[in-house]
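Results of the structural survey
Each chain is listed here by its residues.
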Amino acid sequence: MAIDLVLRKDWNARPPRGDYTQLDSTKGVKVHYTGGRVDPGIVSDHSGCVSLVRSIQAFHMDGNGWIDIGYCVDEETELLTRQGWKSYRDLRAGDVALTLDHGTGMSEWQPVLEVCVFPAMEREMIRMEGPAHSSLTTPHHRWPVERQAGEDTRRLWVTTETIGHRDRIPVAAPCADLPAEPKWSDAFVELVAWFAAGGESSAGAVAIHRPRREPAQLMRVRAALHGVFGPPAGGASRWRETAKDDLVEFRLPAEAGRQLVEVAPGRVPRYAFLLSLTRAQLALFLETSLTAGDAGRDRLAREDRAAAEAYMFAALLSGSGAAMSRLPETGMWLTTIRRRHSVMPRPALRIRRETYRGRIWCPRTENQSWLARREGTVYFTGNTMVACPHRKVFEGRGLHHLPAANGPGLNAGHYAVLGLVGNAGLVQPPDGVLHAVLDAVQYLRDKGGAGTEIKGHRDGYSTDCPGDPLYDWIRRGAPRPGGTPPAEPATPPFPGRLLKYPPVMHGEDVRTWQARMRKRGFDLAVDGAYGAGSREACRRFQRRQGIEDDGVVGPLTWRLTWEAPAS
């Protein structure tokens, strides 16, 4: 049976608000479900399917602000980059942001692939608020959470409105990208901390002040100075110690002091310096800073906001949680280091729906997450066709358009097909839904450059989608109802790397492609080496197919090598 396609105009789809991202070839298809309650009555009433699809589009466009059927935060939310915190106004694609590898629980630096900003309009948002957390997001905004199940902890993705009482949102994670070998001596790192907490610089000379009543601190400063600059006095880079009233002053001449000023100008440690520290040195820097401060346990107070930001940056790199606020009575900026690594929204936070009229935005990163800050609190957060029971397929974003539902990372290389079943009501997919999903898959292969894979949404994200019944069917090989498995095209799976020259690339994938090209009549050696001859044959083939003749065997060229008609 050919696909029974319900075009956008036939289900009265609203026009998109912007341009789609082009998608010319994919690994295959990811199957989704609606994620809510689906009225079982749609099985006997196709008009119910039409209404449901239109409501999904309306939610995605009006609730989420997407350009079409396809999740976001408010304007006050910031993202942490290697240059510090940035709002959506300052953030650019290519900026390197701190993200969460939700599989390992480690943080890592990754480039921002795209900054999605949606226009101001009236939306329903969900606010989660408490002493250690502040967020304002769309209801379907995604969160990485840790869920306790007995003695086991599962890492999975949930949405703002589906966060459960056993879910914990990570607020800190040890960074996997810290240097393994030290650039600086531990004595120098400690000295920078003493200088930043209680020093001064004038005309090139640097001084560090410590209370006379703290002999342990005085001993540590002396040891650090001795370790970096040698014994006191006697040379151009030697330091001197003098006592005056309640303070002891350690003074360094210009040549020695310049080294401290270069990494902490104005007594504010540079982010580049903090990024160059090992995990142990970050711990040493923070411990020394807290020892030198007088704001209380796990608290650092500075008049300069930039200094407070630097301390927060160091804490987050070390794997500790952190928060920042301004003390109303003094105007000082306070950085608080939190020993907890997660927050439990329920029941600890006040959660309520509210109307929001500003812009919403979301960055896209490879692993679908980013470290956010709002109101001084920090946490990690995240970043098509529809098949109905009547064996009809609704056109979503359409062919060659990146679906929003799949998102970035492991799902970005797939089309999305949504079966009209949910997690309540109509849960078990009727045969008509399964047939329609397979009809859509074949259509996407024939017309849209889709590869051979049929997977579930959860194969790319830790999520419940597409529900256990639909996912079990996918794991059985997605057979046609009645026992007939879906016909697999003869095309072997794309090897996962681009075949190109120069340099010469070697491998069995090259040999496989060359053998197929030789069967197509190209005079090409089947030697497993992709060189100048293979590139020229590829270009000739690409010109015949009417695609870009770049001489690179990517997913589209690979598929056409097997599936294009002989010419």
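The structure this text deals with has already been given above.
A brief structural summary. (Residues numbered from 1 in each chain as written. Predicted model: local features only at pLDDT ≥ 70, side-chain atom pairs only at ≥ 80, totals over all residues. Heavy atoms only, no water.)

1. What about the overall build of the protein?
Within the protein, the secondary structure is distributed over 13 helices and 31 strands. Within the protein, buried positions represent 51% of all 567 residues. As presented, the protein carries roughly 24,900 Å² of accessible surface, and 49% of it is formed by carbon and sulfur atoms. (Helix = DSSP H or I, 4+ residues; strand = E, 2+ residues; numbered from the N terminus. Buried < 20%, exposed > 50% of the residue type's maximum accessible area, 1.4 Å probe, protein only. Areas by Shrake-Rupley, 256 points an atom, 1.4 Å probe, with all protein chains shown as cover.)

2. Observations regarding the environment of Phe-229
Here Phe-229 is to be found in helix H3 (residues 215-229). Considering only alpha carbons, one finds Phe-229 and Phe-188, 41 residues apart in sequence, at a separation of 9.4 Å.

3. Observations concerning the nonpolar core
As a rule of thumb, nonpolar side chains are buried together in soluble globular proteins. Ranked by internal contacts, the top residues of the largest apolar core, which has 60 residues, are Leu-274 and Phe-285. Ranked by residues supplied to this core, first place goes to helix H7 (residues 305-318) with 10 residues. Dropping the residues within four chain positions of it, Leu-274 is found in contact with Pro-269, Leu-282, Phe-285, Ala-310, Phe-313, Ala-314 and Leu-317. Residues Leu-79, Val-112, Phe-118 and Met-128 belong to the second largest nonpolar core, which totals 29 residues. (Core = buried A, V, L, I, M, F, W, Y, C linked by side-chain atoms within 4.5 Å. Contact = heavy atoms within 4.5 Å.)

4. A word on unusual backbone geometry
The residue after Arg-346, namely Pro-347, is reached through a cis peptide bond having omega 5°. Mapped onto the secondary structure, Pro-347 falls in helix H8 (residues 345-348). Pro-503 follows Pro-502 through a cis peptide bond whose omega is -10°. Relative to the helices and strands, Pro-503 is located in the loop between helix H10 (468-475) and strand S30 (505-506). The backbone of Asp-245 sits at a positive phi, close to 55°, despite the residue not being glycine. Structurally, Asp-245 is set in the loop between strand S15 (240-244) and strand S16 (247-252).

5. Let's talk about the pairing of S15
Where burial is concerned, little of S15 is hidden: zero out of the five residues are buried. Counting the residues between successive antiparallel strands, the hairpin from S15 to S16 contains two residues, one of them, Asp-245, with a positive phi of roughly 55°. (Pairing = 2+ DSSP bridges.)

6. Some remarks on the sheet that holds strand S13 (residues 199-202)
With respect to topology, four strands assemble into an open sheet ordered S13-S14-S16-S15, the strand pairing being antiparallel. With one partner strand each, in any of the chains shown, S13 and S15 form the two edges of the open sheet. Neighbour-to-neighbour, the strand axes of the sheet open up by a mean angle of 25°, direction not taken into account. With four bridges connecting them, S13 and strand S14 (residues 205-211) associate as antiparallel partners. (Axes fitted to C-alpha atoms, helices over the stretch in contact; angles between N-to-C directions.)

7. A look at the packing of helix H2 (residues 186-198) against helix H6 (residues 279-292)
Contact geometry of H2 with H6 gives a least axis separation of 9 Å together with a crossing angle of 35°. The two elements H2 and H6 meet at a crossing, and its hand is right-handed. Residues Asp-186, Val-189, Glu-190, Val-192, Ala-193, Trp-194 and Ala-197 of H2 touch H6, and the partners they reach there are Gln-281, Leu-284, Phe-285, Thr-288, Ser-289, Thr-291 and Ala-292. Taken together, the residues that form the contact of H2 with H6 break down as eight nonpolar, four polar and two charged. (Left-handed = near helix turned anticlockwise from the far one by under 90°. Nonpolar A, V, L, I, M, F, W, Y, C, P; charged D, E, K, R; others polar.)

8. Side note on the side chain of Ser-107
Looking at where Ser-107 falls in the secondary structure, it is placed in strand S7 (residues 106-118). Not counting chain neighbours up to four residues away, the residues in contact with Ser-107 comprise Leu-98, Thr-99, Leu-100, Ala-173, Pro-174, Cys-175, Ala-176, Asp-177 and Phe-380.

9. A word on the pattern of salt bridges
What the rule picks out here adds up to 28 salt bridges. The shortest N-O distance in the salt bridge between Glu-78 and Arg-373 comes to 3.0 Å. Of this pair, Glu-78 sits in strand S4 (residues 78-81) while Arg-373 sits in strand S23 (residues 369-374), and the two are 295 residues apart along the sequence. The class for Arg-373 is buried, based on a relative accessible area of 3%. Ionic pairing is found between Glu-508 and Arg-511, a salt bridge with its closest N-O pair at 3.4 Å. With Glu-508 and Arg-511 both in helix H11 (residues 508-519) and three residues apart, this pair spans about one turn of that helix. Judged by its relative accessible area of 55%, Glu-508 falls in the exposed class. One salt-bridge network, held together by shared partners, links Glu-78, Arg-305, Glu-309 and Arg-373. (Salt bridge = Lys/Arg side-chain N within 4 Å of Asp/Glu carboxyl O.)

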